[in-house]
Amino acid sequence: MEDEPITERRSVAGPHVFGYVRHITGGLARHAALVDCLTEYCRRHELTLCGVFTDREPTVAIRSPAFVGLLDTLELPDAYGAVLPARSHLGPRRIATERERQIVVTSTRLLVVRSMAPRSSHGSTADTNSIGRLSGGI
């Protein structure tokens, strides 16, 4: 009888996440870099990146076609969450707040590759890698 590989050596699908980026300026290389960033983040955190939705319009609407596509996929039964290169990809503050609310309603997670920590009392900011719910960690 042949020994079966241990669990760590078996190919398993991690939680399913879907990427979202706003790519308004820059060429294909910039878009590829953003997607690569999401891909690497998912690889490091054992997540399965199932697709990336991209908004390319300079005007920002709360319910853009790409964002609606993201919300639709987050309603799938095996969807774990959305992953963004940075929170700024959700748009200006007013729109980002509403988009975050819409993601929370799906009961999935919002994962941010590069988020800015709140300003400290000393006025500095810190870059962090975060993974978790808008309302807390996983």
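Cut-offs used in this document
- Residues numbered from 1 in each chain as written.
- Predicted model: local features only at pLDDT ≥ 70, side-chain atom pairs only at ≥ 80, totals over all residues.
- Heavy atoms only, no water.
- Helix = DSSP H or I, 4+ residues; strand = E, 2+ residues; numbered from the N terminus.
- Buried < 20%, exposed > 50% of the residue type's maximum accessible area, 1.4 Å probe, protein only.
- Contact = heavy atoms within 4.5 Å.
- Areas by Shrake-Rupley, 256 points an atom, 1.4 Å probe, with all protein chains shown as cover.
- Pairing = 2+ DSSP bridges.
- Right-handed = clockwise from strand over helix to strand, strands pointing away.
- Core = buried A, V, L, I, M, F, W, Y, C linked by side-chain atoms within 4.5 Å.
- pLDDT = per-residue confidence, 0-100.
- Salt bridge = Lys/Arg side-chain N within 4 Å of Asp/Glu carboxyl O.
- Axes fitted to C-alpha atoms, helices over the stretch in contact; angles between N-to-C directions.
- Parallel < 35°, antiparallel > 145°, perpendicular 65-115°, else oblique.
- Left-handed = near helix turned anticlockwise from the far one by under 90°.
- Nonpolar A, V, L, I, M, F, W, Y, C, P; charged D, E, K, R; others polar.

A.B. asks: Hey, could you go over the overall build of the protein for me, with residue numbers and the actual values?
C.D. replies: Each helix and strand in the protein was counted, giving three helices and five strands. N-terminal to C-terminal, the α/β element order of the protein is β-α-β-α-β-α-β-β. Expressed as a percentage of the 138 residues in the protein, the buried residues total 34%. In the protein, of all internal contacts separated by at least 6 residues, the share reaching a separation of at least 24 is 71%. Surface exposure of the protein reaches about 8,700 Å², of which carbon and sulfur atoms provide 53%.

A.B. asks: With reference to specific residues and values, describe the pairing of strand β2 (residues 48-55).
C.D. replies: Two faces belong to every sheet, and in a regular strand the side chains alternate between them. Of the strand pairs in this sheet, strand β1 (residues 16-22) and β2 are connected by six bridges, and their pairing is parallel. By the bridge assignment for β2, Tyr20 is matched with Phe53. Taken together, β1, helix α1 (residues 28-44) and β2 constitute a β-α-β crossover, and its handedness is right-handed.

A.B. asks: Mind laying out the nonpolar core, listing which residues take part and the relevant values?
C.D. replies: Core analysis: the biggest nonpolar cluster contains 15 residues, and Tyr20, Phe67, Leu70, Leu74, Leu90, Ile103 and Leu110 have the highest contact counts within it. Counting residues per element, the ones that place at least two in this core are β1, α2 (65-74), β3 (79-86), α3 (93-105) and β4 (109-116). Ranked by residue count, the leading element in this core is α2, at five residues.

A.B. asks: Requested: an account of the confidence of the model for the protein, with residues and values cited.
C.D. replies: On average, residues of the protein carry a pLDDT of 81, and 74% of them reach 70 or more. Mean pLDDT values for the elements of the protein range from 34 in strand β5 (residues 127-128) up to 97 in β3. When the criterion is pLDDT under 50, residues 118-138 qualifies, and its contacts beyond four places in sequence or with other chains add up to 41 contacts.

A.B. asks: Break down the pattern of salt bridges for me, citing the residues and quoting the values.
C.D. replies: Enumeration according to the criterion identifies four salt bridges in this entry. The salt bridge involving Glu40 is made with Arg43; its shortest N-O contact spans 2.4 Å. With Glu40 and Arg43 both in helix α1 and three residues apart, this pair spans about one turn of that helix. Glu40 gets classed as partly exposed once you look at its relative accessible area, which sits at 31%.

A.B. asks: Residue-level account of the packing of α2 against α3, with values.
C.D. replies: It is at 9 Å that the axes of α2 and α3 come closest, and there the two elements cross at 20°. One element, α2, and the other, α3, form an angle in the roughly parallel class. Judged by the sense of rotation from one axis to the other, the crossing of α2 with α3 is right-handed. Counted together, Phe67, Leu71 and Leu74 of α2 and Arg99, Gln102 and Ile103 of α3 form the full contact between these two elements. Class assignment of the residues belonging to the contact of α2 with α3 gives a composition of four nonpolar, one polar and one charged.

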